[in-house]
Amino acid sequence: MTFEDDYRRRTATSAQLFERASRSIPGGVGSTARTIKHGWAPYPLFIAEGQGSRITDVDGNEYVDYLLGLGPMILGHRHPVVTKAVADAIGEYGTCFGLPYELEVQAAEKVVAAVPGIEQVRFTNSGSEAVGAAVRLARATTGRRLVVRFEGHYHGWQDTVYWSNHVDPELAGPADHPRPVAAGPGVPHELSDTLVVLTWNDPESFTRLMAERGEEIAAVITEAAVFNTGCILPEPGYLELLRAETKKYGALLIFDEVITGFRFARGGAQEYFGVTPDLTTLAKGLGGGFPVAAIGGSTEAMRMIAEGRYSHSGTYNANVVQCAAVSATMDVLAEPGIYDRARKLGDRLAEGLRGLAVDNGFDAYVEGLGTVFQLWFASRPIKNWRDAAAYADEALFTRWYQEMSLRGVLFHPLQFENLFVSLVHTDADIDQTLNAAGDALAAIARTR
Ligand SMILES: Cc1ncc(COP(=O)(O)O)c(C=O)c1O
């Protein structure tokens, strides 16, 4: 039986719902990231419920969940403390006032206490919004126009940054001098003049750019560890180089911590790697599964917002659902030892998967930081997008996803995404996953 036959047999109710959804929702799903084109073939699962580290689809199939909603469910599904805090706050105060309130201050104070580079913070609705605000703020603050971003990183869908994510290297030119390529239609090509796109983890091209154009650069925006091309960690000294050069030329350094924030350390990648940016964008983990994002930074970097000279606005900014979720999530994350435990668990899973893949004859390795990692099917280490495009075996990865999903383990079907381990996954989840992985990899090895 092929994967597709088996999948259709197990998920008939999802198929019916997908057909129904496709009549009233374009593509049958609420985000392009959930479409067939983005790996969810032959149709996405429709979910009945999530609880802790598990989700169940509408046909009653249960999965150990490493998709985690694409990252937000850092505390697992329906964490009782956060869920109760949000429900209580709605019951006690309401949802949205268009005016400030004390819980907002509490939530902000807790984020400031947690993240080293954040002295002040504004809450907003999505990572894309937070990035849009940060980029424009950097331009406003410096009076400069150019923004540096890196191939293979994703910073949301706004025109200013929706460029050169998983770009075709043929279109993008040489790796040491890439051309910006819009990530989709509708982005004005004139904006390419406002961007410099570079290859990540390549100190020479960055140093050269700064020497040539450093005084024109408003901001350098980077994921501090790249989780939008599988998982790629910074080479030793690379983040420090970005920090030193931006400081030298008066550009702002923006860490887009939408994925890394609160993920493997409470203070995010900036705490973990010990490099402090001027501005930070947060989302996903920030609200423990509720929709909230934030832009934060040093008091100096946030000055134009504070003085009202830069308009950071939004009807739903800092609404009660967001602030209750942030405040409660920050409390849960402050529990001593919670990250050590989760990182150890994730490392056991990652190392187990790597061992099983190698034992079954695959060229594979794992890169990650415990609570988020990727199993790379690749014959060479991947250091940036150009390596990923050249050496990763995407078809093999998707086969691996398929075999695992049939065995009750869910993660994203594409090699350039990753696996998330929540702070509530258990040893039993990891054992079950490794058992499934042994069977899945042996099955793939037999039919290669
Ligand atoms: C690093 C990064 N920045 C920004 C975004 C955009 O966030 P959102 O989907 O909440 O708009 C994402 C989304 O995956 C992301 O991974």
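1. Remarks on the pattern of salt bridges
Within this structure, the stated rule accounts for 20 salt bridges. Across the pair K110 and D331 runs a salt bridge, and its minimum N-O distance is 3.0 Å. Taken together, the residues K110 in helix α4 (residues 102-114) and D331 in helix α11 (residues 320-333) connect sequence positions 221 residues apart. Residue class for D331 comes out partly exposed when judged on its relative accessible area of 45%. As a salt-bridge pair, D427 and R348 come within 2.9 Å of each other at their nearest N and O atoms. Of the two residues, D427 is situated in helix α15 (residues 427-446) and R348 in helix α12 (residues 338-359); the sequence distance between them amounts to 79 residues. According to the relative accessible area criterion, D427 is partly exposed, its value standing at 43%. Overall, the relative accessible area of 33% leaves R348 in the partly exposed class. Connected through salt bridges with shared partners, the residues R54, E62 and D429 form a single ionic network.

2. Concerning the packing of helix α7 (residues 203-213) against helix α8 (residues 238-249)
Relative orientation and spacing of two packed helices are given, respectively, by the angle between their axes and the distance between those axes. Axis separation between α7 and α8 bottoms out at 11 Å; the angle between their running directions is 0 degrees. On the basis of the axis angle, α7 is roughly parallel to α8. Residue-level contacts link P203, F206, T207, M210 and A211 of α7 to Y238, L241, L242, E245, T246 and Y249 of α8.

3. Regarding α7
For α7, the set of buried residues is S205, F206, L209 and M210. Down the axis of α7, the sector holding all buried residues measures 130 degrees, keeping them to one side. Opposite the buried face of α7, at more than 90 degrees from it, the exposed residues are E204, A211 and E212. Structurally, α7 contributes buried residues whose contacts are with β5 (146-150), β6 (195-198), β7 (217-222) and α8.

4. Structural notes on the site of the ligand
Around the ligand sit S126, G127, S128, Y154, H155, G156, E223, N228, D256, V258, I259 and K284, and that is every residue in its neighbourhood. Within the contact set of the ligand, an oxygen atom lies 2.7 Å away from a side-chain nitrogen or oxygen of S128. One nitrogen or oxygen atom from the main chain of Y154 is found 3.4 Å from a nitrogen atom belonging to the ligand. When the free accessible area of the ligand is taken as 390 Å², the share hidden by the protein chains comes to 83%. Of the residues contributing to the shell around the ligand, the split by class is 3 nonpolar, 6 polar and 3 charged.

5. Describing the sheet that holds β7
One open sheet accounts for 7 strands, arranged β4-β10-β9-β8-β7-β5-β6; its pairing is mixed. Lying at the two open borders of the sheet, with one neighbouring strand each, are β4 (120-124) and β6. Strand-to-strand twist in this sheet, taken as the mean axis angle between neighbours without regard to direction, amounts to 20 degrees. In this structure, strand β9 (residues 279-282) lies alongside strand β10 (residues 293-297), joined through 4 bridges in antiparallel fashion. Looking across to β10, one finds that L282 is bridged to A294. In this fold α7 packs onto β5, β6 and β7, with an angle of close to 155 degrees to the strand it touches most, β6.

6. Observations concerning the packing of aromatic side chains
Between two aromatic rings, the relevant description is the distance of the centres plus the angle of the planes. Per the counting criterion, the structure on display carries 19 aromatic pairs. Centroid distance F227 to F264: 6.4 Å. Interplanar angle 50 degrees. Geometry classified as tilted. With F227 in the loop between β7 and α8 and F264 in the loop between β8 (252-257) and α9 (268-273), this pair connects stretches of sequence that are 37 residues apart. The residues F227 and F264 share a single accessibility class, namely buried. Taken together, a centroid distance of 5.2 Å and an interplanar angle of 85 degrees make the contact between Y272 and F273 edge-to-face. Residue Y272 is classed as partly exposed on the basis of its relative accessible area, which comes to 37%.

7. Topic: the packing of helix α3 (residues 80-92) against α11
Two numbers describe how α3 lies on α11: the axes approach to 8 Å, and their chain directions differ by 145 degrees. Between α3 and α11 the crossing geometry is right-handed. Across the interface between the two elements, V81, V82, A85, V86, A89 and I90 from α3 touch V320, V321, A324, A325, A328, T329 and V332 from α11. Of the residues contributing to the contact of α3 with α11, the split by class is 12 nonpolar, 1 polar and no charged.

8. Quick look at the pairing of β10
Look at any regular strand and the pattern is simple: side chains alternate between the two faces of the sheet. In terms of burial, β10 is largely enclosed, as 5 of its 5 residues are buried. Neither face of β10 is exposed, since A293, I295 and G297 on one face and A294 and G296 on the opposite face are all buried.

9. Things to note about the domain arrangement of the chain
Taken as a whole, the chain is organised into domain 1 (3-78 + 337-446) and domain 2 (80-333). The centre of domain 1, based on its C-alpha atoms, is set 26 Å off from the matching centre of domain 2. Counting residues at the interface gives 31 residues for domain 1 and 41 residues for domain 2. Overall, the association of domain 1 and domain 2 removes approximately 3,000 Å² of surface from exposure, summing both partners, and the carbon and sulfur fraction of that is 63%. Together, L369, W385 and R386 form the three largest contributors to the area buried by domain 1 at its contact with domain 2, with a combined 26%.

Thresholds applied
- Residues numbered from 1 in each chain as written.
- Predicted model: local features only at pLDDT ≥ 70, side-chain atom pairs only at ≥ 80, totals over all residues.
- Heavy atoms only, no water.
- Salt bridge = Lys/Arg side-chain N within 4 Å of Asp/Glu carboxyl O.
- Helix = DSSP H or I, 4+ residues; strand = E, 2+ residues; numbered from the N terminus.
- Buried < 20%, exposed > 50% of the residue type's maximum accessible area, 1.4 Å probe, protein only.
- Axes fitted to C-alpha atoms, helices over the stretch in contact; angles between N-to-C directions.
- Parallel < 35°, antiparallel > 145°, perpendicular 65-115°, else oblique.
- Contact = heavy atoms within 4.5 Å.
- Arc of directions from axis to C-beta.
- Near = heavy atom within 4 Å.
- Polar contact = N/O pair within 3.5 Å; in protein donor to acceptor, adjacent residues only side chain to side chain.
- Areas by Shrake-Rupley, 256 points an atom, 1.4 Å probe, with all protein chains shown as cover.
- Nonpolar A, V, L, I, M, F, W, Y, C, P; charged D, E, K, R; others polar.
- Pairing = 2+ DSSP bridges.
- Phe/Tyr/Trp six-rings, centres within 6.5 Å; stacked < 30°, edge-to-face > 60°.
- Left-handed = near helix turned anticlockwise from the far one by under 90°.
- Domains from an automatic or database assignment.
- Buried area = accessible area lost by both parts, 1.4 Å probe.

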